[in-house]
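# Summary of the model geometry
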Amino acid sequence: MARATPGARTSDRTVSVPVVDAGRDVVVIGIRHHSPACARIVAETIERLQPTHVLIEGPADFTDRIDELRLDHKLPIALYSHVRRGAHTRVTWAAFTDWSPEWIALRSASKVSAEVRLIDLPAWHPAFDGPPDEYSVAATVLAAGLGLDTVDAMWDHVVESRADTLTVEELTAVLDDYFDAIRVGDATVSEREQYMASWIRAARERPGSGAVVVVCGGRHRPAIMSELARGRPTDGFWPAVPTAGPDVDIGSYLVPYSYSRLDLESPWWYEKLWQKTTSAGEVAAAAIVRDLRSRNQRVSTTDFIGFRTQILGLAAIRGHALPTRRDVLDAAASTLVGEALASPLPWTLAGEPLGPEPDPVISACMRTMRGDRRGTLHPDSPVPGLVCHVDMLLEEFDLLPGPVALDLADERSRQRSRALHQLRVLGVPGFERTAGPGSGSAVVSTERWMIVDSADRLPALVEAAAKGHTLVEAAGATLESSLTSAAADVERLEVDLANGGFQPGQVEQVVHQRQHALARTMDGAEHAL
């Protein structure tokens, strides 16, 4: 394969950076998270090049634990990370679906025996403390220039609708041009992008290295390519992975996720686009009609045929080789909605708000296209100590699914009550207090709870571990932050504070902070007057 020159684009989209010899090619694939089209590019590129190294944007300190991602999970799942510095806690989720390009990169690399490394700064790193990378303004301007009202519609129009008709090389060129346009005028190279580039240079110059495939967020690609073109020398050793200081509490764990939590509109649609590219529109139309009929909404066979025909018609008018999500939704609105709508179609607005009293057809569209899939972790997946601590307490106190009656005059019942109140403070699903003493009450000495199994319990506990390593520690930190919130349910929190078994000093501190927060609120009200 011919050596690429800096800035040049070769026919197979191999590197536009200097290489050590003709056998060491670098391909940097800029992707959009959860894009089926990008996932196909990643899979086909890795299969074709059989690279020595596959480098993926992700926390470098998780590479040593990457086998956890190779367990037999049911997706979606997410890599949840937290960093706690004093009273400040920051958390992040990196979600994976069956068609996430990063997930496909991991799976495809295993098939060709490539070495996989995550190459971004750790999630706890101060580089993530600022506002997130922002490209929405440039993307919105670009969408408006194409006559489209949302960035999602633009992406589907430019990329997903052409995924089945363009070659990998042609589609990659489209992606590169798209992300160059999003980043136009921004010549800065962030600390994260410099760090990722250092991993790419090291992989390229490792003894015996062959091709290198890099999968990173598309917005980062132009800056990474610019950094690589500088040709900075490297000894081929892997870059050092930063380590957190002793005053910082960090943790990263896999958690079950769900389509409802994904930062993605219509994950079910993109799942079908990944599974059934050419027939996704027909599958979606049938699913929307099934949903309506299951709720006693009348949709005749003629209506259904008209709906399907309209999808194809809109796709043809808009120049889409494959119907897009927008084609399906607009077709449903134009053929199945029988009355004037009180609110704009949600998919024409950023954030896609459903609006008050939505039409049943619109609700069915949004519900169907989002889906209700929930992920599960393999049983061997590690969990933080808090999960084990809670499991131990539930077993020790016989807190099993079903009704629980407690006599608060009994010490063991009080211990069971404390654990339940602490779980309620954390917001762990499945623990509902149905009766008991209220705030300041000294009359009622019994308490009743209902415990139910919940698939959301594990992720809630993993995420609560960001606040503490034991139940009382995590609940205390949560209670402290909750009581200082203006939106807090104060009476409920005071009941939990009184019955949760917290230390006296902790109670005094929380009460003091609550009083201080109320004083600030009153001061603000006086200034407003």
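Above this note sits the structure.
Below or above, wherever it landed, is the structure these notes cover. (Residues numbered from 1 in each chain as written. Predicted model: local features only at pLDDT ≥ 70, side-chain atom pairs only at ≥ 80, totals over all residues. Heavy atoms only, no water.)

## Let's talk about the pairing of strand β1 (residues 26–31)
Stated formally: Any residue under 20% of the maximum accessible area for its type is buried, any over 50% is exposed, and the rest in between are partly exposed; the area is computed with a 1.4 Å probe on protein chains only. In this description a helix means any DSSP run of H or I spanning at least four residues, a strand means any run of E spanning at least two, and both kinds are numbered starting from the N terminus. Only when DSSP finds a minimum of two bridges between them are two strands counted as paired.
Judged by how many residues are buried, β1 sits mostly within the fold: six of six residues are covered. Burial along β1 is two-sided: V26, V28 and G30 facing one way and V27, I29 and I31 facing the other are all buried. As paired strands, β1 and strand β6 (residues 212–217) are joined by six bridges and run parallel to one another. Its bridge partner lying in β6, I29 is registered against V215.

## Remarks on the environment of T376
The criterion, for reference: Every residue pair with non-hydrogen atoms within 4.5 Å of one another is taken to be in contact.
Relative to the helices and strands, T376 resides in the loop between α12 (360–370) and α13 (385–396). With residues up to four places along the chain from it excluded, the contact list for T376 reads H73, K74, I77 and P256.

## Digging into the nonpolar core
The line we're drawing: Take the buried Ala, Val, Leu, Ile, Met, Phe, Trp, Tyr and Cys residues and link them wherever side-chain atoms come within 4.5 Å; each set so joined is a nonpolar core.
W269, F307, V328, L399, L423 and L471 are the most contacted members of the largest nonpolar core, which totals 67 residues. Take this core: its biggest share by element is seven residues, from helix α9 (residues 280–294). What L423 contacts, discounting residues up to four positions off in sequence, is V390, L394, V428, F431, L461 and L471. Counting residues in each nonpolar core, the second largest holds 48 residues, with L49, I77, A114 and A143 among its members.

## Some details on the pattern of salt bridges
Selection rule: Salt bridges are identified by distance alone: a Lys or Arg side-chain nitrogen within 4 Å of an Asp or Glu carboxyl oxygen.
Overall, the coordinates contain 33 salt bridges when judged by the stated rule. By sharing partners, the salt bridges in this structure join D149, R318, R326, D327 and D330 into a single network.

## Looking at the packing of helix α4 (residues 151–158) against helix α5 (residues 168–182)
Keep this limit in mind: Lines fitted to C-alpha atoms define the axes here, with helix axes fitted over just the stretch in contact, and angles between the N-to-C directions of these axes take values from 0 to 180 degrees. Oblique is the label for any angle not covered by the other classes, which are roughly parallel (under 35 degrees), roughly antiparallel (over 145) and roughly perpendicular (65 to 115). Should the near helix be turned anticlockwise from the far one by less than a right angle, the crossing is left-handed, and should it be turned clockwise, the crossing is right-handed.
Contact geometry for α4 and α5: axes closest at 11 Å, N-to-C directions at 150°. In terms of orientation, α4 lies roughly antiparallel with respect to α5. Between α4 and α5 lies a crossing of right-handed hand. On α5, the residues that touch V151, M154, W155 and V158 of α4 are V174, L175, Y178 and F179.

## Quick word on the packing of α13 against helix α15 (residues 457–464)
Condition: Residues were grouped as follows: Ala, Val, Leu, Ile, Met, Phe, Trp, Tyr, Cys and Pro as nonpolar; Asp, Glu, Lys and Arg as charged; and all remaining residues, including Gly, as polar.
Closest axis-to-axis distance for the α13/α15 pair is 8 Å, and the angle between their directions is 125°. Here α13 is positioned oblique relative to α15, judged by the angle of their axes. Every residue of α15 that contacts α13 at L386, V387, V390 and L394 is listed here: R457, L458, L461, V462 and A464. For the contact of α13 with α15, the per-class residue count stands at eight nonpolar, no polar and one charged.

## Notes on the sheet that holds strand β2 (residues 53–59)
Pairing in this open sheet of four strands is parallel, and the strands run β1-β6-β2-β5 from one edge to the other. The sheet terminates laterally at β1 and β5 (115–120), the two strands that pair on one side only. Neighbour to neighbour, the strand axes of the sheet diverge by 25° on average, direction disregarded. Sheet strands touched by helix α7 (residues 221–229): β1 and β6. Its angle to β1, the strand with the most contacts, is close to 160°.

## Focus on the sheet that holds strand β8 (residues 402–407)
Judged by pairing direction, the sheet is antiparallel, and its three strands sit side by side in the order β8-β10-β9 without closing on themselves. Strands with a single pairing partner mark the edges of an open sheet, and in this sheet they are β8 and β9 (431–435). Adjacent strand axes in the sheet meet at a mean angle of 30° when their direction is disregarded. The pairing of β8 with strand β10 (residues 446–451) spans six bridges and is antiparallel. Following the sheet pairing, V404 is matched in β10 by W449. The strands touched by helix α14 (residues 411–426) are β8, β9 and β10; relative to β8, the strand with the most contacts, the crossing angle is about 125°.

## As for the side chain of E102
To keep it simple, the criterion reads: His is not counted here, nor are the chain ends, while Lys and Arg score as positive and Asp and Glu score as negative.
Positionally, E102 belongs in helix α2 (residues 101–111). Lacking a salt bridge, the buried E102 has R192 as its closest oppositely charged neighbour, with an N-O distance of 9.4 Å. Those residues in contact with E102, other than ones at most four positions away along the chain, are I31, H33, I56 and F96.

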